[in-house]
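Coordinate inspection notes
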Amino acid sequence: MRVVSGIQPTGNLHLGNYLGAIRQWVAMQDAISPGDDCLFFLADLHALTQPIAPAELGANTLEMAATLIACGIDPDRAILFNQARVPEHSELAWLLGGTARVGWLNRMTQWKDKGGKNREGQSVGLFTYPVLQTADVLLYRATHVPVGDDQKQHLELARDIAAKFNADFGVDLFPLPEPYISAAAPRIMSLRDGTAKMSKSDPSDASRINLIDDDDTIVQKLRRAKTDPEPLPDDPAALAGRPEAQNLVTIFAALAGQTVAEVLAAFAGKGFGQFKPALADLAVAELSPIRKRLTQLLEDRAQVGSVLARGAERARHLAAPTLLAAQRATGLQV
């Protein structure tokens, strides 16, 4: 089993990133069997598909690496690196660009959404980044890829490209990666709008809990989180049509390691005046150690950079044979 997943270094991570993705990565790392691999990378090449400030990109990459380590990613057990340190990603992406079809990329939902009405003015990278994303996975002959609902189409594309490459060149080089979907991964919504996903692009900082927020800020954001006047029910089905209540109960359940039903059994009939302080205590207990560890790591950024360099060496050791095999299959190497 080989699990591969990446995240763009776009700035401060928040509670939704932690509960919805990073904590699942830590669980995968902890559950992996001897001889299997977990590779987690900072997708800095993908960041180039949009306008960037170079100094910010470099700083964000180091800060995100430090955040992942603070959250529990162990560089001795998992392979942690940034994409740009492994040039095989770009090289394989170019080879796969000869296999991928324009029609496939035109149908990608995220291209339609991100390209908007001014698709002619978008970068080529924004159009073709699913091919690089495919290379990220196939380069390591990944067997499983953690995916959310918004990435299922991209994994299907990766499988299509892998199958076509194998068929076109008469090889059995790339396995068709399977989705790794964790039932424990919750979808965390905005604290200001329970119908919108928690996002670092939201202009309101009050809509999210950042992993760098101090304890008082966490408490105040949860105290002011949007709710409704009704008490909490005893049946999860009764939360339908109450998105803000559903969101706060989901966060509580995720932090406490409980089901929504178990949370409601403890708070049924109680209002948010009682529920929010309990939720704030849970959030502070979970996030405070992460923030403290992150602060320590960022005091020695060179050390964080050395962790990424070591991870890249390990990643290249796995990547080089795959790239060579792809080059031989296409006649670039004899």
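In this report, we go over the structure that sits alongside the text. (Residues numbered from 1 in each chain as written. Predicted model: local features only at pLDDT ≥ 70, side-chain atom pairs only at ≥ 80, totals over all residues. Heavy atoms only, no water.)

1. Focus on unusual backbone geometry
Heads up, the rule is: For helices the rule is a DSSP run of H or I covering at least 4 residues; for strands it is a run of E covering at least 2, with both sets numbered from the N terminus onward.
Not every positive phi belongs to a glycine, and arginine 141 is a case in point at roughly 50°. On the secondary structure map, arginine 141 appears in the loop between α6 (124–138) and β4 (144–146).

2. Looking at the pattern of salt bridges
Threshold: Any carboxyl oxygen of Asp or Glu that lies within 4 Å of a side-chain nitrogen of Lys or Arg is treated as forming a salt bridge with it. Note on classification: 1.4 Å probe, protein chains only; a residue is buried when its accessible area is under 20% of the maximum for its type, exposed when over 50%, partly exposed between these limits.
All told, the structure shown has 12 salt bridges when counted by the stated rule. The partner of arginine 316 in a salt bridge is glutamate 88, with the nearest N and O atoms 3.1 Å apart. Of this pair, arginine 316 sits in helix α12 (residues 301–329) while glutamate 88 is found in helix α3 (residues 88–97), placing the two residues 228 residues apart along the sequence. A salt bridge links arginine 242 to aspartate 228; the nearest nitrogen and oxygen atoms lie 2.7 Å apart. Remark: aspartate 228 occurs in the loop between α8 (215–223) and α9 (243–256) and arginine 242 occurs in the loop between α8 and α9; sequence separation between them is 14 residues. You can call arginine 242 buried: its relative accessible area is 13%.

3. Concerning α12
The criterion, for reference: By definition here, a helix of n residues has an expected span of 1.5 Å times n minus one.
Taking 1.5 Å per residue, 29 residues should reach 42 Å; α12 reaches 41 Å between its end C-alpha atoms and fits that length. Just downstream of α12, glycine 331 is the residue with a positive phi angle, here 85°.

4. Let's talk about helix α7 (residues 152–169)
Keep this limit in mind: As used here, the arc belongs to the directions running from the helix axis to the C-beta atoms.
For α7, which comprises 18 residues, the first-to-last C-alpha distance of 26 Å matches the rise-based estimate of 26 Å (1.5 Å per residue) to within 8%. Listed in full, the buried residues belonging to α7 are His154, Leu155, Leu157, Ala158, Ile161, Ala162, Phe165 and Asn166. Buried residues in α7, looked at end-on, bunch into an arc of 165°, giving them a common side. Once α7 ends, the next one or two residues include glycine 170, with phi positive near 60°.

5. A few points about the packing of aromatic side chains
The cut-off we apply is this: Any two rings among Phe, Tyr and Trp, with Trp reduced to its six-membered ring, count as a pair given centres within 6.5 Å; such a pair is stacked if its planes are under 30 degrees apart, edge-to-face if over 60, and tilted if neither.
Applying the stated criterion across every chain, the model contains 10 aromatic pairs. A ring pair is formed by phenylalanine 272 and phenylalanine 275, whose centres lie 6.0 Å apart and whose planes are at 90°; its orientation type is edge-to-face. Residue phenylalanine 272 and its partner phenylalanine 275 are located together in helix α11 (residues 272–298), separated by three residues, close to a single helical turn. On the basis of relative accessibility, which here comes to 0%, the residue phenylalanine 275 falls in the buried class. Taken together, Phe252, Phe267, Phe272 and Phe275 form an aromatic cluster joined through their ring pairs.

6. Things to note about the environment of arginine 314
How we decide: Whether two residues touch is decided by their heavy atoms; if any such pair falls within 4.5 Å, the residues are in contact. Any pair of N or O atoms that falls within 3.5 Å is considered a polar contact. Within protein, one atom must be able to donate a hydrogen and the other to accept it, and sequence-neighbouring residues count only if both atoms are side-chain atoms.
Here arginine 314 lies in helix α12. With relative accessibility at 32%, the residue arginine 314 sits in the partly exposed group. In this structure the C-alpha to C-alpha distance between arginine 314 and aspartate 300, which are 14 residues apart in sequence, comes to 22 Å. Residues within four places of arginine 314 in sequence aside, it is in contact with Pro75, Asp76, Ala78 and Ile79. At 2.8 Å, the side chain of arginine 314 forms a polar contact with the backbone oxygen of proline 75.

7. A few points about the side chain of threonine 322
Topologically, threonine 322 is positioned in helix α12. Looking at threonine 322, the relative accessible area reads 2%, which means it is buried. The residues contacting threonine 322, other than those within four sequence positions of it, are Leu138, Leu139, Arg141, Leu173 and Phe174.

8. Observations regarding the pairing of strand β3 (residues 79–82)
For the record, the criterion: A pair of strands is treated as paired once DSSP finds two or more bridges between them. For the handedness criterion, the strands are oriented away from the viewer, and a crossover whose path from the first strand over the helix to the second runs clockwise is classed as right-handed.
The alternating pattern of β3 places Ile79 and Phe81 on one face and Leu80 and Asn82 on the opposite face, and all of these are buried. For strand β2 (residues 37–42) and β3, the ladder comprises four bridges, and the chain directions are parallel. Looking across to β3, one finds that phenylalanine 41 is bridged to phenylalanine 81. Each parallel crossover has a hand, and for β2 linked through helix α2 (residues 54–71) to β3 it is right-handed.

9. Topic: the nonpolar core
Test applied: Among buried residues, those of type Ala, Val, Leu, Ile, Met, Phe, Trp, Tyr and Cys that are joined through side-chain atoms within 4.5 Å constitute a nonpolar core.
Ranked by internal contacts, the top residues of the largest apolar core, which has 58 residues, are Leu15, Tyr18, Leu80, Ile251 and Phe275. When residues of this core are assigned to their parent elements, the largest contribution, 10 residues, is made by α11. Non-local contacts of tyrosine 18, meaning those with residues more than four positions away in its chain, are made with Arg23, Cys71, Leu211, Glu286, Leu287 and Ile290. Judged by nonpolar contacts, the second largest core, of 43 residues, contains Tyr129, Val131, Val137 and Ala162.

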